[in-house]
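Observations on chain architecture
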2 protein chains.
Amino acid sequence: MERIDDIAGYVEDLARAAKAASRPLGFATNAERQAAVRAMAAALRSQADAILAANAEDMTAAEEAGVNAGLLDRLLLTPERIEGMAAGLEQLADLPDPVGRVLEHRTIDCGLDLSKVSVPLGLVAMVYEARPNVTADAAGICIRTGNACILRGGSIAQRSCVAIARVLADALAECGLPHEAVSIIETSDRAATGALMSLRGVVDVLIPRGGAGLIQRCVRESLVPVIETGTGNCHTYVHASADFDKARRIVMNAKTQRVGVCNACESLLVDEAVATAFLPQMLSELAAAGVTIHGDAVARAAATDVLDHFVDATEEDWGREYLSMDISVHVVSGLDEAIAHVNRYGTGHSEAIIAEDAEACERFLREVDASSVYANASTRFTDGGEFGLGAEIGISTQKLHARGPFAAEALTTYKYEIRGTGQVRP
Amino acid sequence: MERIDDIAGYVEDLARAAKAASRPLGFATNAERQAAVRAMAAALRSQADAILAANAEDMTAAEEAGVNAGLLDRLLLTPERIEGMAAGLEQLADLPDPVGRVLEHRTIDCGLDLSKVSVPLGLVAMVYEARPNVTADAAGICIRTGNACILRGGSIAQRSCVAIARVLADALAECGLPHEAVSIIETSDRAATGALMSLRGVVDVLIPRGGAGLIQRCVRESLVPVIETGTGNCHTYVHASADFDKARRIVMNAKTQRVGVCNACESLLVDEAVATAFLPQMLSELAAAGVTIHGDAVARAAATDVLDHFVDATEEDWGREYLSMDISVHVVSGLDEAIAHVNRYGTGHSEAIIAEDAEACERFLREVDASSVYANASTRFTDGGEFGLGAEIGISTQKLHARGPFAAEALTTYKYEIRGTGQVRP
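A word on the overall build of chain A
- A count of helical and extended segments in chain A gives 14 helices and 16 strands.
- With the C-alpha coordinates aligned to their principal axes, the bounding extent of chain A is approximately 70 × 70 × 35 Å.
- Among the 426 residues that make up chain A, the fraction classed as buried is 60%.
- Across chain A, every contact between residues at least 6 apart in sequence was considered, and the portion connecting residues at least 24 apart equals 71%.
- When the accessible surface of chain A is totalled, it reaches about 15600 Å², and 49% of it is carbon and sulfur.
- Across chain A, 38 positive and 59 negative side-chain charges occur, with their mean positions spaced 6 Å apart.

Looking at the interface of chain B and chain A
- Every contact between the two is made by 70 residues of chain B and, on the other side, 70 residues of chain A.
- Taken together, the two surfaces of chain B and chain A that pack against each other cover about 6200 Å², and 52% of this comes from carbon and sulfur.
- Of all residues in chain B, Leu400, Tyr416 and Arg425 of chain B give up the largest surface area on contact with chain A, accounting jointly for 13% of the area buried on that side.
- With a shortest N-O distance of 3.1 Å, Lys399 of chain B and Asp204 of chain A are connected by a salt bridge.
- Linking chain B to chain A there are 47 residue pairs in polar contact (both at pLDDT 80 or more).
- For the side of chain B that touches chain A, the elements supplying multiple residues, two or more each, are α1 (7–27), β1 (102–107), β2 (113–120), α9 (212–221), α10 (244–256), α14 (358–367), β13 (372–377) and β16 (412–423) of chain B.
- Of the residues forming the side of chain B that touches chain A, the biggest block, eleven residues, is contributed by β16 of chain B.
- Looking at side-chain class alone, the side of chain B that touches chain A contains 31 nonpolar, 16 polar and 23 charged residues.
- Of the strand pairs in this sheet, strand β16 (residues 412–423) of chain A and β13 of chain B are connected by five bridges, and their pairing is parallel. Opposite Tyr416 of chain A, over in β13 of chain B, you have Ser372 of chain B as the bridge partner.

Comments concerning the pairing of strand β7 (residues 234–238) of chain B
All names here are of chain B.
- Of all the five residues making up β7, five are buried; the element is thus mostly covered by neighbouring parts of the structure.
- Side chains Cys234, Thr236 and Val238 project from β7 onto one buried face, and the interleaved His235 and Tyr237 project onto a second face that is buried too.
- The pairing of β7 with strand β8 (residues 265–271) spans five bridges and is parallel. For Cys234, the partnering residue across the bridge sits in β8 and is Cys265.
- Pairing of β7 with strand β12 (residues 350–354) involves four bridges; the strand directions are parallel. If you follow Val238 over to β12, its bridge partner there is Ile354.

With respect to unusual backbone geometry
All names here are of chain A.
- The backbone of Leu323 sits at a positive phi, close to 55 degrees, despite the residue not being glycine.
- Summarising the element assignment, Leu323 is placed in the loop between β10 (310–312) and β11 (326–332).
- Its identity as a non-glycine residue notwithstanding, Asn376 has a phi of 60 degrees, on the positive side.
- Relative to the assigned elements, Asn376 resides in strand β13 (residues 372–377).
- With a relative accessible area of 7%, Asn376 lands in the buried category.

Some points on the sheet that holds strand β11 (residues 326–332) of chain B
- The strand order across the open sheet built from ten strands is β1(A)-β2(A)-β16(A)-β13(B)-β12(B)-β7(B)-β8(B)-β11(B)-β9(B)-β10(B), with neighbouring strands paired in mixed fashion. The sheet is open, and its two borders are formed by β1 (102–107) of chain A together with β10 (310–312) of chain B, each paired with just one other strand. Along the sheet, successive strands turn relative to each other by an average axial angle of 20 degrees, direction set aside.
- One ladder, built from five bridges, connects β1 of chain A with strand β2 (residues 113–120) of chain A; its direction is antiparallel. When the bridges of β2 of chain A are listed, Thr107 of chain A appears paired with Asp113 of chain A.
- With respect to the sheet, helix α11 (residues 272–288) of chain B is in contact with β7, β8, β9 (292–295) and β11 of chain B, its orientation differing from that of β8 of chain B by roughly 150 degrees.

Brief notes about the pairing of β11 of chain B
All names here are of chain B.
- Burial within β11 is extensive, with seven of its seven residues counted as buried.
- Residue alternation in β11 divides its side chains into two sets, Asp326, Ser328, His330 and Val332 and Ile327, Val329 and Val331, and both sets are buried.
- Alignment of β8 against β11, held across five bridges, turns out to be parallel. The residue of β11 that forms the bridge with Val270 is Val331.

Examining the pattern of salt bridges
- In total, this model carries 64 salt bridges over all chains according to the counting rule given.
- The salt bridge involving Arg81 of chain A is made with Asp73 of chain A; its shortest N-O contact spans 3.2 Å.
- Given the relative accessible area of 34%, Arg81 of chain A is considered partly exposed.
- Linking Arg419 of chain B and Glu362 of chain A is a salt bridge whose minimum nitrogen-to-oxygen distance equals 2.7 Å. Here Arg419 of chain B, found in strand β16, pairs with Glu362 of chain A, found in helix α14 (residues 358–367), and the two come from separate chains.

Overview of the relation of the copies chain B and chain A
- Note on the identical chains: chain B maps onto chain A by a rotation of 180 degrees and an axial translation of 0.0 Å, with an RMSD of 0.0 Å. Look at the turn and shift together and you get a two-fold axis relating the two. Residues of chain B ranked by C-alpha distance from the rotation axis are headed by His401 of chain B, positioned 1.9 Å from it.
- Both copies present the same face, since 100% of the interface residues in chain B are matched by interface residues at the equivalent positions in chain A.

Regarding the nonpolar core
- Leu44, Met126 and Val182 of chain A are the most contacted members of the largest nonpolar core, which has 101 residues in total.
- Residues Ala21, Leu95, Cys149 and Val182 of chain B belong to the second largest nonpolar core, which totals 99 residues.

Some thoughts on the packing of helix α2 (residues 30–46) of chain A against helix α6 (residues 133–144) of chain A
Residues and elements named next belong to chain A.
- At a minimum axis separation of 9 Å, α2 and α6 run at an interaxial angle of 160 degrees. With respect to their mutual orientation, α2 and α6 come out roughly antiparallel. The handedness of the crossing between α2 and α6 is right-handed. Of the residues in α6, those in contact with Asn30, Arg33, Gln34, Ala36, Val37, Met40 and Leu44 of α2 are Ala136, Ala139, Gly140, Ile143 and Arg144.
- Residue classes in the contact of α2 with α6 are distributed as seven nonpolar, three polar and two charged.

What counts and how
Here the residue index of a chain counts from 1 through its sequence in written order. A letter from A marks each chain and a number from 1 marks each ligand, given out in the order of writing. Residues qualify for local features only when their pLDDT is at least 70, as the model is predicted, and side-chain atom pairs are given and counted only at 80 or more; totals for whole chains, interfaces and linings, by contrast, use all residues. In computing side-chain properties, one takes all heavy atoms of the structure into account and sets aside hydrogens as well as water. Helix and strand definitions follow DSSP, with helices as H or I runs of at least four residues and strands as E runs of at least two, each counted in order from the N terminus. Exposure categories follow from relative accessible area, calculated using a 1.4 Å probe and restricted to protein chains: below 20% of the type maximum is buried, above 50% is exposed, and the middle band is partly exposed. Contacts are residue-level and defined by heavy atoms, with any inter-residue pair within 4.5 Å sufficient. Calculation of accessible area relied on Shrake-Rupley with a 1.4 Å probe; when residues are assessed, cover is drawn exclusively from the protein chains displayed. Under the counting rule used here, the positive set is Lys and Arg, the negative set is Asp and Glu, and His together with the chain ends is not counted. All charge positions are set by atom: Lys at NZ, Arg at CZ, Asp at CG, Glu at CD. Each of two parts loses accessible area, computed with a 1.4 Å probe, when they are put together; buried area is these two losses added. The term salt bridge refers to a pairing of a side-chain nitrogen on Lys or Arg with a carboxyl oxygen on Asp or Glu at a separation within 4 Å. Polar contacts here mean pairs of N or O atoms no more than 3.5 Å apart (in protein, one a potential hydrogen donor and the other a potential acceptor; neighbouring residues in sequence count only if both atoms are side-chain atoms). Following the grouping adopted for this structure description, the nonpolar residues are Ala, Val, Leu, Ile, Met, Phe, Trp, Tyr, Cys and Pro, the charged ones are Asp, Glu, Lys and Arg, and the polar ones are all others, Gly among them. We treat two strands as partners when DSSP finds at least two bridges between them. Helix axes are fitted to C-alpha atoms over the stretch in contact, other axes to C-alpha atoms as well, and angles between N-to-C directions run from 0 to 180 degrees. Superposing copies: least-squares fit, C-alpha atoms only, residues required to have pLDDT of at least 70 in both. Residue types Ala, Val, Leu, Ile, Met, Phe, Trp, Tyr and Cys, when buried and joined through side-chain atoms within 4.5 Å, form a set referred to as a nonpolar core. Roughly parallel means an angle under 35 degrees; roughly antiparallel, over 145; roughly perpendicular, 65 to 115; everything else is oblique. For any helix crossing, the convention is left-handed if the near helix is rotated counterclockwise from the far helix by under a right angle, and right-handed if that rotation is clockwise.

So this is what it looks like as structure tokens:
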């Protein structure tokens, strides 16, 4: 990477050029945008060698820096992974067009013709971490929806991300759309993210995709509106009326099917009326799967067979998103305490009740304040694909604009178009 | 007002109590919320004397402090204005319920039943300035939509706002809903607004209603998501194909019908091809109405009869929202320059083209990036009532969540409710 002295100026110039490019892109037809995304896919395939070469440099540098195996795996590109990126772009091309929908249409009293029409947001910033394939996902969804994008990959993936973005931007230009509509910040200086976050009015939305540290930095510092994603301290609550087999199967799935994801279960709540009947076998199954149990005193009493997998929970455990083979276990007096606990410690992501009592299920569904609330199912279903939304961008834990899994439509806004014949306001 | 030492603690306690109150309010039925809003209207009428007495104290203090006549008028309450507030609440009661709508419903592959349902946001903060009647508007729209509110009126209106809020909260409590769901900050200490803006996770949205200074402070400092409202540097662009009579009538309406409002015209753009034909009579009409013209060199040449109402425009004029009998006038080379100028200096509020050429109108409607774009009509129509949206909360100049005039629906979000029979993710 070349050294850049004036980081803020560099980022602002890049963003302003991308914003200018967003205008012709916003007026491109659906067919033009579809063709562009397909051309981007083809270019990834034809330029795979150059991308793999850049990735090999990132891998060497990361190995030399002693980066851990999990991160190295996320960083690695292979011919198969590049094919996956290309196929993902082709799927985006096939999505229904979210732009230009007439959301409302009416003639108002004085004869004015009023249409509310969906339009692209303009310039979308995506800030992400080690996975270079996010570059293609992010650029593809933006171009498909008529938005320009400015991308900021993680420093260990810089060469890979820049190589991918250049291939995509060149393909766009060959389709007659502006090269600058896929822009990437080509420095790993941390100040660049700060500069990006200050560009309110130029950047229309900033979407961080990554760990809690990145997301919280954006939420706290950004003047550009942020869509907050990803943190999930998800609970599964076993009500006194629960079918124990069902409950155990759901908890095991929600906790262990995949542990590093935001919709995994991090906390188990159990009604005290059934704690001694339900917990021993549940905790044994968790322990047998290699899960460490962070439990309260009642859980400890039920964990006598698996004390080697048990630690006493502290207040801090109730608020933790482990993203690992750990679970907190808390016994509650009943539905009221369960709902209060979830609303206090949850992150508004995904929450589940296991109960045969329909009234208890309906109260939990209604009173828990989260994007996705389940009765008798695993929280692992919270996903744009599972919900039938198409290509998921992320899972929003905020309430404004987009909540829960969100897709292409969240990259649009609307405008009112009003056609008159000389009307003035009386 | 009593003195409060720990402002941040005071505001946080108030907000947490209001948030707790938001839960029962969120589960109240439509009929219960309607009855509550009607009871609030009745209480304003029956307690009018107490409110007028508090307002008289505010008026006396403001007069002694030398507050200007315009501000005093906004501060003043009369029996008629209280009746207006009560009638406004009754209209809110009659609005269709925006809560509990099933926005989507589907059964997903594994048999899960998925519903996307509209729900209240939770706790809404409104920060406003001198007009005490905003207290009733804001509380009414929040209760109608199942939200609790925390209000922060301007310091000169403190006694009036607190008196109104107490009457409303008492009426709510008499309906069996929590008193704390209408909470008001009872100190004029400026630090209270800062404390409110820091309560991310407790306050769900902050809506500032007032001047540009207040709004920009919220946008820059708030960690709570803000709906940015109100600033309107609105343009009217007279294309070469314009009908001059229509153009003059629209410009006079947009500029002079009411000058202190955000949808008033602040800038006139004219194609150079028609500048010498169009401008002299236009500028004379503006001058005759008492408007000061901030014009460029071409405008000056057309203003020879009205030079006493003319000043040379500086670059700064193109970005100004005068909110007064002032207008900037700029001659452009044609449609491209007009669109670029509007997109550069506009605030994304309301923009108009006057043209008989339909293609020019359609390009302007499509390419101008603003909430409300007009062909051949006055920008003064940008209003929730005119657009048929019901009770307007404000006019958003941002793109996320709500754009343009927004009403009750903007105080809702949605959740996914998923009903299963033991499903786990494969």
